[in-house]
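The chain contents come next:
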Amino acid sequence: LDLLFSGVLARYPELRFVSVESGAGWVPFILQAADYQYERLAVRRERPELALRPSEYFRRQVYACCWFEHIPETHVVERVGADRILFETDFPHPTSIYGPDVPDAIKHGLGHLAPDVQRRILWENTAELYGKGHSEEVIGKSLREWRGNRIHVATKVQPIRWPSPELDDPRMRG
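Everything numeric in this text was worked out from a predicted model, so none of it was measured.

1. Thoughts on the overall build of the chain
- Tallying secondary structure elements over the chain gives nine helices and five strands in all.
- Across the chain, helices and strands are ordered from the amino to the carboxyl terminus as α-α-β-α-α-α-β-α-β-α-α-α-β-β.
- Sorting the 174 residues of the chain into buried and exposed places 41% on the buried side.
- The contacts in the chain between residues at least 6 apart in sequence include a share of 59% that link residues at least 24 apart.
- Accessible surface for the chain amounts to roughly 10200 Å². Of this, 55% is attributable to carbon and sulfur atoms.

Structure below.
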């Protein structure tokens, strides 16, 4: 809430924030609560520089990440925006997913979403955020560059394989 009411987003409209390691399921509630407070307390009257509602600043400048959670389409994707959710693995933290768990997490958390929404969350949002574009050519090039490094991901979102045996170390499985 502090970020949404601080005025930073209003003063720096090109600045982007990514909320990592926190999931995305909480975001609709926070945005609803922030908008309620903004309207109820007439924040704009006291802070005219906050011309937009908090949810509008969020939709313009903030991203939320998901990795383990089931992302409900109507509750999270529609309210937060498919273009504001990024997929992460949270590796190497104890609650992270990696190796063979990644495809399962994608299937469980995002598998019910339309393929274009999955693609947006898994690839396109990150590519756009970091200035890589989102065309097939750019994504394909990025995937070819990543191949052999840490992960190999097919252009169609799956399957995800970890070619390096040391990354599938059972000791990292908590």
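Next comes the rest of the description.
2. With respect to the pattern of salt bridges
- Scanning all chains against the criterion turns up five salt bridges.
- For the salt bridge of Arg47 with Glu49, the shortest nitrogen-to-oxygen distance reads 2.6 Å.
- When the shortest N-O distance is used, the salt bridge between Arg120 and Glu128 registers 3.2 Å.

3. Here's the deal with helix H7 (residues 101–110)
- Those residues of H7 not exposed but buried are Val102, Ala105, Ile106, Gly109 and Leu110. An end-on view of H7 places all buried positions within 100° of arc, on one side of the element. Projecting away from the buried face of H7 at angles above 90 degrees are the exposed residues Asp104 and Lys107.

4. Notes on the packing of aromatic side chains
- For the structure on display, the rule yields two aromatic pairs.
- Ring plane angle 75° and centroid distance 4.8 Å describe the contact between Trp67 and Phe68, whose orientation is recorded as edge-to-face.
- With a relative accessible area of 48%, Phe68 lands in the partly exposed category.
- The lysine or arginine in question, Arg84, covers the ring of Tyr63, its NZ or CZ lying 4.4 Å from the ring centre.

5. Description of the environment of Ile106
- Tracing the sequence through the fold places Ile106 in helix H7.
- Taking relative accessible area as the criterion, Ile106 reaches 6% and is therefore assigned buried.
- For the pair Ile106 and Cys66, spaced 40 residues apart in the sequence, the C-alpha separation amounts to 9.8 Å.

6. Digging into the sheet that holds strand S1 (residues 17–19)
- The three strands lie next to each other as S1-S2-S3, forming an open sheet whose pairing is parallel. Sheet topology places S1 and strand S3 (85–87) at the edges, where each strand pairs with a single neighbour. Averaged over all adjacent pairs, the angle separating strand axes in this sheet is 30°, with direction ignored.
- Relative to S3, strand S2 (residues 62–66) runs parallel, the two being bridged by three bridges.

Rules used in this analysis
Residues numbered from 1 in each chain as written. Predicted model: local features only at pLDDT ≥ 70, side-chain atom pairs only at ≥ 80, totals over all residues. Heavy atoms only, no water. Helix = DSSP H or I, 4+ residues; strand = E, 2+ residues; numbered from the N terminus. Buried < 20%, exposed > 50% of the residue type's maximum accessible area, 1.4 Å probe, protein only. Contact = heavy atoms within 4.5 Å. Areas by Shrake-Rupley, 256 points an atom, 1.4 Å probe, with all protein chains shown as cover. Salt bridge = Lys/Arg side-chain N within 4 Å of Asp/Glu carboxyl O. Arc of directions from axis to C-beta. Phe/Tyr/Trp six-rings, centres within 6.5 Å; stacked < 30°, edge-to-face > 60°. Lys NZ or Arg CZ within 6 Å of the ring centre and 35° of its normal. Pairing = 2+ DSSP bridges. Axes fitted to C-alpha atoms, helices over the stretch in contact; angles between N-to-C directions.

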